[in-house]
Amino acid sequence: MITNRTAPRLAAAAALAAALSAGPVQSALADGRAGSHPVSAGKTVAAAGAAEPDEADRLRDDKGGWKGDGLSLNAADNKKVDEFLARARSAEQTVSPEMQAVARISHATLIGFDHRLKSPDSLKRKVATAMKEAPGQTVDATLARISDSVRYTLQWPDGSYTNGVTIASSALSLWGNDSVKWSNSWGRKHGYKAINAAWRDPHSRHVFEVQFHTPSSKWAQEATHKLYEEQRLPTTSPERARELQEQQNAIFESVPVPDGAEDLTLPAAPAQGRPEPARTLPAPVDQPAAAA
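Summarised in this report is the structure supplied together with it. (Residues numbered from 1 in each chain as written. Predicted model: local features only at pLDDT ≥ 70, side-chain atom pairs only at ≥ 80, totals over all residues. Heavy atoms only, no water.)

1. Comments concerning unusual backbone geometry
Heads up, the condition is: Put simply, DSSP marks the helices as runs of H or I at least four residues long and the strands as runs of E at least two long, and each gets a number from the N terminus on.
At histidine 107, a position not held by glycine, the phi torsion is positive, near 60°. The topology assignment puts histidine 107 in the loop between helix H5 (75-105) and strand E3 (109-111). Positive phi outside glycine occurs at arginine 205, with the angle close to 65°. Considering the arrangement of structural elements, one finds arginine 205 in the loop between strand E6 (195-200) and strand E7 (207-213).

2. Regarding the nonpolar core
Going by this rule: The term nonpolar core refers to a set of buried residues drawn from Ala, Val, Leu, Ile, Met, Phe, Trp, Tyr and Cys, joined through side-chain atoms within 4.5 Å. Burial here depends on accessible area, computed with a 1.4 Å probe over protein chains only, as a share of the maximum for the residue type. Under 20% is buried, over 50% is exposed, and the range in between is partly exposed.
Of all hydrophobic cores here, the largest spans 38 residues; its most connected members are Leu154, Tyr161, Phe208 and Phe212. Formed by 13 residues, the second largest nonpolar core is a distinct cluster that contains Leu73, Val81, Phe84 and Ile146.

3. Describing the sheet that holds strand E5 (residues 178-184)
What counts is decided by this rule: Between any two strands, pairing holds if DSSP finds at least two bridges. Under this scheme, a helix contributes an axis fitted over its contacting stretch, all axes are lines through C-alpha atoms, and angles between N-to-C directions fall in the 0 to 180 degree range. In what follows, residue pairs with any heavy atoms lying within 4.5 Å of each other are defined as contacts.
Taken in spatial order, the five strands make up an open sheet running E3-E4-E7-E6-E5, and their pairing is mixed. At either margin of the open sheet sits one strand with a lone partner, and together these are E3 and E5. Strand-to-strand, the axes of this sheet are offset by a mean angle of 25°, without reference to chain direction. Helix H9 (residues 215-223) contacts E3, strand E4 (151-155) and E7 of the sheet and is inclined by roughly 115° relative to E7.

4. With respect to the packing of H5 against helix H8 (residues 161-174)
Rules: Put simply, a crossing is left-handed when the front helix is turned counterclockwise from the back one by less than a right angle, and right-handed when it is turned clockwise. Each residue is assigned to one class: nonpolar for Ala, Val, Leu, Ile, Met, Phe, Trp, Tyr, Cys and Pro, charged for Asp, Glu, Lys and Arg, and polar for all the others, Gly among them.
Here H5 crosses H8 at 145°, and the two axes come no closer than 9 Å. Here H5 and H8 pass one another in a crossing that is right-handed. For the pair formed by H5 and H8, the contact residues are Glu98, Met99, Val102 and Ile105 on the first element and Ile167, Ala168, Ala171 and Leu172 on the second. By residue class, the composition of the contact of H5 with H8 is seven nonpolar, no polar and one charged.

5. Points about H8
For clarity, the cut-off: Here, expected helix span is obtained from the residue count minus one, scaled by 1.5 Å.
Between its first and last C-alpha, H8 extends 20 Å over 14 residues, near the 20 Å set by a 1.5 Å rise per residue. When you tally the buried positions in H8, you get eleven out of 14 residues, the bulk of the element. Residues Tyr161, Gly164, Val165, Thr166, Ile167, Ala168, Ser169, Ser170, Ala171, Leu172 and Ser173 constitute the buried set of H8. Positive phi shows up at glycine 176, right after H8, with a value of about 95°.

6. Description of the pattern of salt bridges
Using the following cut-off: Between Lys or Arg on one side and Asp or Glu on the other, a salt bridge is scored when a side-chain nitrogen of the former is within 4 Å of a carboxyl oxygen of the latter.
This structure, assessed with the given rule, holds ten salt bridges. Each of Lys118, Lys126 and Asp148 takes part in salt bridges that share partners, so that together they form one network.

7. Remarks on the environment of aspartate 121
Note that aspartate 121 resides in helix H6 (residues 120-133). Classification of aspartate 121 as buried rests on a relative accessible area of 5%. When the C-alpha positions of aspartate 121 and lysine 67 are compared, they lie 9.4 Å apart, and in sequence the two are 54 residues distant.

See below:
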């Protein structure tokens, strides 16, 4: 019997197979139709997603380490983070075409596609914070817990959110990605509301994050971002941290919960493993570099 929960998964399998066999992914990559941030002419997907040089390069000390916001990494740990970032950039070239296709078949808007790679400074700040909060934890153990060095956001209107999430997550599982995280906070009384998930890419074995939002939950996330960043700083007092959390709670309390969102769970992995069509995804279209 086909239930309300299995029907979208079957639809995802059929739509994914059709998308791959028809080969429209290439044109979507070329002009960015699947997402809300088109890829500019003259750039490949990889080039458009490459992290721009940022403050991280200016915060290197004379011994090859990193420092910022009262945090620091020694030269050896900083080198390992740089190597992790290089693996993230490589993995993104495989995962981004897949996410373009998943967004299209689930009728999602791909939000913030230009920022799908976490910046070096942001990642190093996150690693240094985690190591400071867990004295004795190695940089390797810390990096093993990082799921958002490559990240994507899919967004649907409230009325199509539950069905969209089911189709998109089913497609990612059918594609052979291994689930490593599924955090559904729609039923939470206070704080952040959305679904944050992560999968391990079968090609590179690198973990990437996918957030599932509505317009309201995405707005709340952006409205509370600076509050959250201040709350996480080691220099923030406990009293100030509580005040910042209360402000975030007030914002997220205004976010409507889509019907059925609280009950969304991760689809079961396909019994037969990775389907054959997924191995024939068209490669990104190489385009000539823009004139200087």
